[in-house]
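# Summary of the model geometry
If you want the building blocks of each chain, they are given just below.
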Amino acid sequence: MESLKQHLTKEGEEILEVIEEIKLKLEDARKKFDQATDDTLIDCYIYEMNALYKKYEYFLKMAKEIGLIAMGYEKIG
């Protein structure tokens, strides 16, 4: 992976970092959703996950537009 990073542009690195951050936030929101018992919190986590999915798709699209290809990044949801 390190040799891959050496060939990435600054923009590519930033996009990958954002995608990784989104994936972590999405995992956290899923865990909270699974543990939530209050209807209001459940709705909150659903909205949060939907927003994160959209953000994830946006950054995947950006990565594709600059020709960035990486294993482990796919459309989710």
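The paragraphs below set out a description of the structure included in this document. All residue numbers refer to position in the chain's written sequence, counted from 1. Under the rules for a predicted model, residues below a pLDDT of 70 receive no local features and side-chain atom pairs below 80 are neither given nor counted, while totals for whole chains, interfaces and linings still include all residues. No hydrogens and no water enter the side-chain calculation; it runs on all heavy atoms of the structure.

Here we take up the overall build of the chain. A run of H or I in DSSP becomes a helix once it reaches four residues, and a run of E becomes a strand once it reaches two; helices and strands are each numbered from the N terminus. A count of helical and extended segments in the chain gives three helices and zero strands. Along the chain, helices and strands appear, N-terminal first, in the series α-α-α. Burial here depends on accessible area, computed with a 1.4 Å probe over protein chains only, as a share of the maximum for the residue type. Under 20% is buried, over 50% is exposed, and the range in between is partly exposed. Every one of the 77 residues in the chain was classed for burial, and the buried ones make up 25%. Pairs at least 24 residues apart make up 54% of the contacts formed inside the chain by residues separated by at least 6 positions. Reported accessibility uses the Shrake-Rupley method at a 1.4 Å probe radius. Residues are deemed covered only where the shown protein chains occlude them. Split by element, the accessible area of the chain, about 5,900 Å² in all, is 54% carbon and sulfur. Pairs of residues are marked as contacts when any of their non-hydrogen atoms sit within 4.5 Å.

Expected span of a helix: the number of residues minus one, times 1.5 Å. Over its 27 residues, helix H3 (residues 39-65) extends 39 Å from the first C-alpha to the last, a length consistent with the 39 Å expected when each residue adds 1.5 Å. Among the residues of H3, Tyr45, Met49, Leu52, Tyr53, Tyr56, Phe59, Leu60 and Ala63 are the ones counted as buried. Looking at the packing, one finds that the buried side of H3 touches helix H2 (10-35). In the analysis that follows, any N or O atom pair within 3.5 Å is treated as a polar contact, provided that within protein one partner can donate a hydrogen and the other can accept it, and provided that, for residues neighboring in sequence, both atoms belong to side chains. The backbone nitrogen of Thr40 lies 2.9 Å from a side-chain oxygen of the residue at the head of H3, namely Asp38. A positive phi of about 85 degrees marks Gly67, the residue just after H3.

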